[in-house]
There are 2 protein chains.
Amino acid sequence: MALVVQKYGGSSLESADRIKRVAERIVATKKAGNSVVVVCSAMGDTTDELLDLAEQVNPVPPEREMDMLLTAGERISNALVAMAISAQGAEAWSFTGSQAGVVTTSVHGNARIIDVTPSRVTDALEQGYIALVAGFQGVSQDTKDITTLGRGGSDTTAVALAAALDADVCEIYSDVDGVYTADPRIVPNARKLDTVPYEEMLELAASGSKILHLRSVEYARRYGVPISVRSSYSDKPGTTVTGSIEEIPVEQALITGVAHDRSEAKITVTGVPDHAGAAARIFRTVADAEIDIDMVLQNISNTAGRTDITFTLSKANGPKAVGELEKIKNELGFSAVLYDDHVGKVSLVGAGMRSHPGVTASFCEALAKAGVNIEIINTSEIRISVLIRDAQLDDAVRAIHEAFELGGDEEAVVYAGSGR
Amino acid sequence: MALVVQKYGGSSLESADRIKRVAERIVATKKAGNSVVVVCSAMGDTTDELLDLAEQVNPVPPEREMDMLLTAGERISNALVAMAISAQGAEAWSFTGSQAGVVTTSVHGNARIIDVTPSRVTDALEQGYIALVAGFQGVSQDTKDITTLGRGGSDTTAVALAAALDADVCEIYSDVDGVYTADPRIVPNARKLDTVPYEEMLELAASGSKILHLRSVEYARRYGVPISVRSSYSDKPGTTVTGSIEEIPVEQALITGVAHDRSEAKITVTGVPDHAGAAARIFRTVADAEIDIDMVLQNISNTAGRTDITFTLSKANGPKAVGELEKIKNELGFSAVLYDDHVGKVSLVGAGMRSHPGVTASFCEALAKAGVNIEIINTSEIRISVLIRDAQLDDAVRAIHEAFELGGDEEAVVYAGSGR
């Protein structure tokens, strides 16, 4: 008998019929002799509908109240799943994030989990119940207000509960049946991976793979929680995220996959005076606006002692960053802020890079052969990322996937409605 | 500066526009120098939509989960009202029933308030915020599970908070602008009452008036909370429910109003052996099924030593009661269970009845003149109720209203959409 944590995403819960199918899987897992804890996201469009209502009453709604509003979505889906479980002859209790002991910081809209004290979940399990926990939400340690964990927060709830309960596995169900060597909608012969070490999954998530949210993988790695990525529409085995690349013998280390990201934009600040502190002033200005940046490029100075500074950031933060930088233009004495949102990022990830020095060369050769120009390049020990034109992104993914012979023999299955 | 508790019903909150209008009234009350606590019901159709989803996944959903589901509705409306208040330049914090300290019994679906410990509400008021509290919900003292207070529960939340906070007034806003001498849709010259004592309001609520839920009036009476019944669509003064009939000098005590009720059905058990304990057995059987009964009539025995026992109950419980009684038919040896759901109840309420012995006679004469036959009659010190055919209910209300000269000089205003 194992302790299993299962997480179901919004598309798996978008209708009463889908909720019943999810309940069947949960009950089957319980009847197979396991203790079962389930984390549900809000049903399909609920969050968008609530956001729309909020927008109608206040275009800039207070964040505390936004958290109170949005967390109702998971409360609804969890209660409905509990009812569907009951209709199938098992019994479940649903808990809010607060009731399940998910204690967070007080940053509304993007809180971090500080502690998980799931005594009520444990009690429910000991009494033979299935325990359902509303994902994405917690309660602030300081203010006791309801908080939300930001994008992908339900994954993090599931992993954090699995860690606190010392679960045997954390199963993440969505409309994708595993982690692939590339997006199967771009690369038809992309291959499903059986196992991916934490470090590689972190790099994939940070490089645009939306299978698992970055923070949930960080959490799983820290506490050694094995994550199983599976489809809620099939019984096929998925991908297990577990283990460290340090445990892989050097000669077996491989290239794992290609990730891509269309969500970034590029900002270039031109004619920046090349003195100590100028770059720092630019990045401090962006950081003070609570904006994360990703890739950075500083050109060497020209003969006039001026340089250009380029960085990428989420498109959603683009206009805000430009506005903040324009404010310090005269003070800092740079020429202009250029904004470009027609960029894309393609990344290659694999522990094998550490021991195979030719990977960067092969990567660049493949792009060159496909006629793709590189604008920024950025690497970690097990990843290479480049910024290119967005129109060339699909071609670049295919070229790299082929150059590193990542494909399988059969076509990948892409489920209808797979919108992520 | 006063402490005002305001309660808004679902029809006052059914759209973003209505929410904004409610927010305007709340902000105006605050800007007039008052401390303001607001209790909101769920938006218009939210509860019905959630019930429909529940029905789809489980026709007999577990009550604990039903409470978890339905309470999401008030959470949504309260957060939206807080956002709308913020858009109008004031600041509000919304609280769940649990956060506001509404502690209840653990009877899911029909919990009773045991205690209200609103320290977070008080803190919010002291910091200058408007405090919003989700109506209809609380937290069980024993299990710490989320509970609901049953039909009309948000009125009770508002009155209980007003009592705990020692508020100056509890204003109940809906689409009706006060308590009338009769339903204005039936009696066009029904008159709005300025003040109604608690005892009379209790009798009116128990007799079918839906303006205030019975339990909220009981609570207000016990703690001496003045209730002001007002319309959310106008600024006209409403009706104040306050004071005791004991304070009214006998010579000023009057007949107050006519109430009617279409929600009851009549059950007659015929040929009941007339021995000690037979009636008790019948009423115990109904009580054990958790069914409340209202009026009771036992005929005198016929020559065969048998009698008929008649009682009324909510139509919703009719089929269940019949089923339970059929089970004891052979054991008790009665002839049959007759069910009749074409009955209606009309009641006259007023403290003046205590000192004017002719009221019952005038009441029955008015019905006789209108050709209405009385099936059961039932009285309290300040109320007369009779059961009649449902098709004659409107005629009966008008006849009594006229006989006791309760009407005013002008036509009552009935608001569009007034569906209660």
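Residues numbered from 1 in each chain as written. Chains lettered and ligands numbered in written order. Predicted model: local features only at pLDDT ≥ 70, side-chain atom pairs only at ≥ 80, totals over all residues. Heavy atoms only, no water.

- Looking at an unreviewed UniProt entry, chain A carries the name Aspartokinase, with the source organism given as Prauserella muralis.
- Regarding chain A, the UniProt comment filed under Sequence similarities (unreviewed entry) reads as follows: "Belongs to the aspartokinase family."
- Regarding chain A, the relevant UniProt record gives this comment under Function (unreviewed entry): "Catalyzes the phosphorylation of the beta-carboxyl group of aspartic acid with ATP to yield 4-phospho-L-aspartate, which is involved in the branched biosynthetic pathway leading to the biosynthesis of amino acids lysine, threonine, isoleucine and methionine." (UniProt positions renumbered as here; feature names shortened; annotations may be inferred.)

## Quick look at the overall build of chain A
Part 1 of the argument: If you tally the helices and strands in chain A, you get 12 helices and 20 strands.
Part 2 of the argument: Taking 2.2 N^0.38 as the reference for a compact globule, 420 residues should give roughly 22 Å; the C-alpha atoms of chain A span a radius of gyration of 23 Å, in line with that estimate.
Part 3 of the argument: With respect to the principal axes defined by its C-alpha atoms, chain A has extents near 75 × 55 × 35 Å.
Part 4 of the argument: Out of the 420 residues in chain A, the part that is buried amounts to 57%. (Helix = DSSP H or I, 4+ residues; strand = E, 2+ residues; numbered from the N terminus. Rg over C-alpha atoms; globule rule 2.2 N^0.38 Å. Buried < 20%, exposed > 50% of the residue type's maximum accessible area, 1.4 Å probe, protein only.)

## Regarding the pattern of salt bridges
Residues and elements named next belong to chain A.
Part 1 of the argument: With the rule as written, the count across this model stands at 46 salt bridges over all chains.
Part 2 of the argument: Between Asp177 and Lys192 there is a salt bridge whose closest N-O contact spans 3.9 Å. Of this pair, Asp177 sits in the loop between strand S9 (169-174) and strand S10 (195-196) while Lys192 is found in the loop between S9 and S10, placing the two residues 15 residues apart along the sequence.
Part 3 of the argument: Judged by relative accessible area, Lys192 falls into the partly exposed class, the value being 22%. (Salt bridge = Lys/Arg side-chain N within 4 Å of Asp/Glu carboxyl O.)

## What about the nonpolar core?
Part 1 of the argument: In terms of nonpolar packing, the biggest core is built from 72 residues, with A:Leu80, A:Ile85, B:Leu80 and B:Ile85 touching the most fellow members.
Part 2 of the argument: Ignoring any residue separated from it by four or fewer positions in sequence, one finds A:Ile85 in contact with A:Ala23, A:Ile26, A:Val27, A:Ala90, A:Glu91, A:Ala92, A:Ile130 and A:Leu132. (Core = buried A, V, L, I, M, F, W, Y, C linked by side-chain atoms within 4.5 Å. Contact = heavy atoms within 4.5 Å.)

## Here's the deal with the relation of the copies chain B and chain A
Part 1 of the argument: Take chain B, turn it by 180 degrees, move it 0.1 Å along the axis, and it overlays chain A with an RMSD of 0.1 Å. Viewed as a symmetry operation, the transformation between the two copies matches a two-fold axis. Closest approach to the rotation axis within chain B is made by the C-alpha atom of B:Ala72, at a distance of 2.5 Å.
Part 2 of the argument: Counting the interface residues of chain B, we find that 100% of their copies in chain A are interface residues as well, pointing to one common contact surface. (Least-squares fit on C-alpha atoms with pLDDT ≥ 70 in both.)

## A look at the packing of aromatic side chains
Part 1 of the argument: In total, this model carries 8 aromatic pairs over all chains according to the counting rule given.
Part 2 of the argument: With a centroid separation of 4.8 Å and an interplanar angle of 15 degrees, the aromatic rings of A:Tyr8 and A:Tyr173 are classed as stacked. One end of the pair, A:Tyr8, is in strand S1 (residues 3-8); the other, A:Tyr173, is in strand S9, and 165 residues separate them in sequence.
Part 3 of the argument: On the accessibility criterion, A:Tyr173 (1% relative accessible area) is buried.
Part 4 of the argument: Positioned above the aromatic ring of B:Phe95 is the side chain of A:Arg64, whose terminal nitrogen or guanidinium carbon lies 5.2 Å from the ring centre. (Phe/Tyr/Trp six-rings, centres within 6.5 Å; stacked < 30°, edge-to-face > 60°. Lys NZ or Arg CZ within 6 Å of the ring centre and 35° of its normal.)

## Notes on helix H1 (residues 16-31) of chain A
Residues separated by three or four positions in an α-helix point in the same direction, a consequence of the helix having 3.6 residues per turn.
Residue and element names in this part refer to chain A.
Part 1 of the argument: Compared with the 22 Å implied by 1.5 Å per residue over 16 residues, the 22 Å span of H1 between its first and last C-alpha is a close match.
Part 2 of the argument: Among the residues of H1, those classed as buried are Ala16, Ile19, Val22, Ala23, Arg25, Ile26, Val27 and Thr29.
Part 3 of the argument: Following H1 by one or two positions, Gly33 has its phi on the positive side, about 105 degrees. (Expected span 1.5 Å × (residues − 1).)

## Details of the packing of helix H3 (residues 63-87) of chain A against helix H2 (residues 46-57) of chain B
Part 1 of the argument: Orientation of H3(A) relative to H2(B), taken along the N-to-C sense of each, is 30 degrees, at an axis distance of 8 Å. Judged on the interaxial angle alone, H2(B) and H3(A) are roughly parallel. As H3(A) packs across H2(B), the resulting crossing turns out to be right-handed. Contacts from A:Ile76, A:Leu80, A:Met83, A:Ala84 and A:Ala87 of H3(A) reach H2(B) at B:Leu50, B:Leu53, B:Ala54 and B:Val57.
Part 2 of the argument: In terms of residue class, the contact of H3(A) with H2(B) is built from 9 nonpolar, no polar and no charged. (Axes fitted to C-alpha atoms, helices over the stretch in contact; angles between N-to-C directions. Parallel < 35°, antiparallel > 145°, perpendicular 65-115°, else oblique. Left-handed = near helix turned anticlockwise from the far one by under 90°. Nonpolar A, V, L, I, M, F, W, Y, C, P; charged D, E, K, R; others polar.)

## Thoughts on the sheet that holds strand S16 (residues 306-314) of chain A
All names here are of chain A.
Part 1 of the argument: One open sheet accounts for 4 strands, arranged S15-S16-S14-S17; its pairing is antiparallel. Every interior strand has two partners, whereas the edge strands, strand S15 (293-298) and strand S17 (336-340), have only one. Geometrically, the sheet is characterised by an average inter-axis angle of 20 degrees between neighbouring strands, direction not taken into account.
Part 2 of the argument: For strand S14 (residues 264-273) and S16, the ladder comprises 8 bridges, and the chain directions are antiparallel. Its bridge partner being in S16, Thr268 is matched across the sheet by Thr310.
Part 3 of the argument: On the sheet, helix H8 (residues 278-288) packs against S14, S15 and S16 and is oriented at approximately 25 degrees with respect to S16.
Part 4 of the argument: Contacts from helix H9 (residues 318-327) reach S14, S16 and S17 within the one sheet, and its direction differs from that of S17 by about 175 degrees. (Pairing = 2+ DSSP bridges.)

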